[in-house]
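Observations on the three-dimensional arrangement
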Amino acid sequence: MGVAQRMKNAEIADAFDELGILYELDGAVVHRVVAYRNAAKSIREAGVSVAEMAAQGRAQELSGVGKTIAEKIDALIADGEIPAARKLKQRIPEGLVQVTRVPGLGPKRTRQLHAELGIGSLEELRQAAEQGRLTDAPGFGAKAQEKVLAALAVGAGEAPTARTLLSTALEVGEELVAGLRAHDPSIEVELAGSARRHADSCKDLDIVVAASDPEALLAAFAVLDPIDEVTSTGSAGAKAVTHQGLPVDLRIVPRESFGNLLQHFTGSGRHNEALRKEAVRRGLHVSEYGVLDDANGETAAFRTEEEVYAALGMPCIPPELRENRGELEAARKGDLPKLVRLGDIRGDLHMHTTASDGRNTILEMARAAKERGYGYIAITDHSASHGFGNGVATEDLKIQIEKVAKANAKLDGIEILAGSEVNVLPDGSLDYADDLLDELDWVVASLHTSFSQTERELTERMIRAIEHPAVDAIGHPTGRLIARREPYPLDIDAVIEAAARTGTLLEINANPNRRDLDDSYARAAARGGVKLVVDSDAHGAERLGNMRFGLATARRAWLEKDDVANTRTLAQLRQLRKR
DNA sequence: GCCGTTTTCGGCCCGACTGTTTTCAGTCG
């Protein structure tokens, strides 16, 4: 098993993003800069190891990577840096890269500040602004100086802005949409943006409305419960902030072009950019107002998204796929996946009860699952070594199995599997004996400790668990917590290969903080021949509903019903087990 | 620098907003 220490996609992507900015600061033509940025994005989102691709001479298969960038990837991996970047850094202070991240200061204005005032870092920018010297540079007035000071005061250029988890964003967004519908049932209103695409997290909420009386609508919007403050308002819409501090952008549009605006504000920016580029080649120009046809000079507006996409010669693309990851080509060819739906899910195979750190009993969980229409669940409390008395000790596992049997006897219409979420110990062994594991109907193996191991150690540890004959699935395989904790270092390609080879399922954990595997990895796993299982990991009956966030990730991963193990009947599922 | 059912060269998405401007460049999403 070859688990080499390889450069990660994110590290390679960062290097090209930086190189793009350096070229930009050096005054390169904008399209060259854009080319580096596109390549970085492509590298970052590749579901497989780009270092591995490069080693095989296949880097140019990535869109946006040609001969030159492929050579630079090779140099970066061999020497740890790109020669062109080293040369540029001799001319351009590295601190200038941070200056371009200050809102309002793009590359052109940053160059200006460097040339005119000798500013080469955020600190020098701060000093110049505080001393009132910024206005000495041409094109910089009092307002510009004020904005720079304000931006630096909130730490711009240093930390990325906070993002809101999809679960919170959807809860608020759906309440706002319902509130607007209640105000006037005749309007068309939809959530757009990253919330509609079911991304991991959202920077803000976009709401698109077609209404006959915009003023009345805006008045109703301003007094909806979640809204803390309306910060600006006009005939085209309003901007507001919720009590959680989540910005809301409300757009009002005539009904005739509702489809165009919804398409535009659903994004993603990348998807729209690619969509428009493709349209231009056919003499069509797409904007939020309509589709302009060079042939007759007329702009066609559409009431629905279906009509917008139809005008561009393709079927409507599900919002979850609109990330410019191949969906346009698939749509054109009629190859869009038939995405798995929440209603396809027949059971939930990872949840906790009061036997470990859950809040409800086996029966309570089972009844709640039955109400959701499931045919089966697995009770998977933590195993012996989970700690703090929050696990099922070895001597108690048989009692737990008996409890499941009793609950099964009391309940019709749903089958309860006796399972466990077994700890994978630092050496890759499991913390129940094999003969005990044999008595279980379902085994999820997860890592909960020793995340500081090296990539090699973690990968070998996980592969040992995957190869264990009793393990049905690997729980939350990368350990990430969205916006809070990076995934632990793992050779995901090696993990996928092992899972495919052994017939082990990989989980998409549906907890909205996790969504682990993420969409890129889950897509790579399915392509690698691995079946996924989408689990709520509920610690209380009301959390079974988290399944929707796992489905969101599954759909963003292009998964179809057959890719997801728990769309099967229990009998079919049992055939997927290793023994 | 990348890319191709009009192209291996000549293009490269679209519009709003802002501030500093006498008509627009730069930035943002």
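Nothing here was measured: the structure is a model prediction, and the numbers come from that model.

1. Quick look at the sheet that holds strand E6 (residues 237–242)
The strand order E2-E4-E7-E6-E5 describes an open sheet built from five strands, whose pairing is mixed. In this open sheet, the two edge strands, each paired with only one partner strand, are strand E2 (188–192) and strand E5 (227–234). Pairs of neighbouring strands in the sheet enclose a mean axial angle of 20 degrees, with direction left out of account. As paired strands, E5 and E6 are joined by six bridges and run antiparallel to one another. Bridging from a neighbouring strand, serine 232 pairs with lysine 239 of E6. Packed on one face of the sheet, helix H10 (residues 166–183) meets E2, strand E4 (205–210), E5, E6 and strand E7 (247–253) and runs near 170 degrees to E2.

2. Comments concerning the protein's contact with DNA strand B
The local shell around DNA strand B holds 35 residues, among which Gly104, Gly141, Arg276, Lys277 and His285 are the closest. The sugar-phosphate backbone supplies 75% of the atoms of DNA strand B found within 4 Å of the protein. Histidine 31 is positioned such that a nitrogen or oxygen atom in its side chain is 3.4 Å from a base nitrogen of DNA strand B. Between DNA strand B and arginine 32, the relevant distance is 3.5 Å, taken from a phosphate oxygen to a side-chain nitrogen or oxygen of the residue. Those elements that place two or more of their residues in the surface near DNA strand B are helix H2 (30–45), helix H4 (67–79), helix H7 (107–117), helix H9 (142–153), helix H14 (269–280) and strand E8 (284–287). A class-by-class count of the residues in the surface near DNA strand B yields 14 nonpolar, eleven polar and ten charged.

3. As for the nonpolar core
Counting 65 residues, the largest nonpolar core has Ile377 and Leu506 as its most contacted members. The next biggest cluster of nonpolar side chains, apart from the first, holds 50 residues, and it includes Ala51, Ala59, Ile119 and Ala129.

4. Observations regarding the packing of aromatic side chains
Per the counting criterion, the structure on display carries three aromatic pairs. Here the aromatic rings of phenylalanine 16 and tyrosine 36 are separated by 6.3 Å at their centres, their planes lie at 15 degrees, and the arrangement is stacked. Of this pair, phenylalanine 16 sits in helix H1 (residues 9–25) while tyrosine 36 sits in helix H2, and the two are 20 residues apart along the sequence. This pair shows no difference in class: phenylalanine 16 is buried, exactly as tyrosine 36 is. Geometrically, the ring pair formed by phenylalanine 451 and tyrosine 488 is tilted, given 4.9 Å between the ring centres and 35 degrees between the ring planes. Here phenylalanine 451, found in the loop between strand E14 (442–446) and helix H20 (455–467), pairs with tyrosine 488, found in the loop between strand E15 (473–474) and helix H21 (492–502); they are 37 residues apart in sequence, far enough to count as distant.

5. A few points about the pattern of salt bridges
With the rule as written, the count across this model stands at 40 salt bridges. Between arginine 44 and aspartate 14 there is a salt bridge; the shortest N-O distance is 3.1 Å. Taken as a pair, arginine 44 in helix H2 and aspartate 14 in helix H1 lie far apart in primary sequence, 30 residues in all. Taking relative accessible area as the criterion, arginine 44 reaches 36% and is therefore assigned partly exposed. Using a relative accessible area of 44% as the deciding quantity, one classes aspartate 14 as partly exposed. Between arginine 126 and glutamate 123 there is a salt bridge whose closest N-O contact spans 3.4 Å. Separated by three residues within a single helix, arginine 126 and glutamate 123 lie in helix H8 (residues 122–130), roughly one turn from each other. Look at arginine 126 and you get partly exposed, because its relative accessible area is 23%.

6. Thoughts on a positive patch on the surface
Positive charge collects at one region of the surface, where Arg367, Lys370, Lys403, Lys406 and Lys410 lie side by side. Among the elements that line the positive patch, the one with the most residues is helix H18 (residues 397–410), at three residues. Considering the arrangement of structural elements, one finds lysine 406 in helix H18.

7. Thoughts on the packing of H8 against H9
Close contact between H8 and H9 brings their axes to 10 Å; oriented N to C, the two are set at 130 degrees. Judged by the inter-axis angle, H8 sits oblique to H9. By crossing handedness, the relation of H8 to H9 is classed as left-handed. For the pair H8 and H9, the contacting residues are Leu122, Leu125, Arg126, Ala128, Ala129 and Glu130 in the first and Gln145, Val148, Leu149 and Leu152 in the second.

8. So, the packing of H1 against helix H5 (residues 83–91)
With their axes 10 Å apart at the nearest point, H1 and H5 run at an angle of 45 degrees to one another. With respect to H5, the element H1 is oriented oblique. For the pair H1 and H5, the crossing hand works out as left-handed. Along its contact with H1, which presents Glu18, Leu19, Leu22 and Tyr23, the element H5 presents Ala84, Ala85, Leu88 and Lys89.

Definitions and cut-offs
Residues numbered from 1 in each chain as written. Chains lettered and ligands numbered in written order. Predicted model: local features only at pLDDT ≥ 70, side-chain atom pairs only at ≥ 80, totals over all residues. Heavy atoms only, no water. Pairing = 2+ DSSP bridges. Helix = DSSP H or I, 4+ residues; strand = E, 2+ residues; numbered from the N terminus. Axes fitted to C-alpha atoms, helices over the stretch in contact; angles between N-to-C directions. Contact = heavy atoms within 4.5 Å. Near = heavy atom within 4 Å. Polar contact = N/O pair within 3.5 Å; in protein donor to acceptor, adjacent residues only side chain to side chain. Nonpolar A, V, L, I, M, F, W, Y, C, P; charged D, E, K, R; others polar. Core = buried A, V, L, I, M, F, W, Y, C linked by side-chain atoms within 4.5 Å. Buried < 20%, exposed > 50% of the residue type's maximum accessible area, 1.4 Å probe, protein only. Phe/Tyr/Trp six-rings, centres within 6.5 Å; stacked < 30°, edge-to-face > 60°. Salt bridge = Lys/Arg side-chain N within 4 Å of Asp/Glu carboxyl O. Patch = residues over 30% accessible without salt bridge, like charges linked within 9 Å, V, L, I, M, F, W, Y side chains within 5 Å. Areas by Shrake-Rupley, 256 points an atom, 1.4 Å probe, with all protein chains shown as cover. Lys, Arg positive; Asp, Glu negative; His and termini not counted. Charge placed at Lys NZ, Arg CZ, Asp CG, Glu CD. Parallel < 35°, antiparallel > 145°, perpendicular 65-115°, else oblique. Left-handed = near helix turned anticlockwise from the far one by under 90°.

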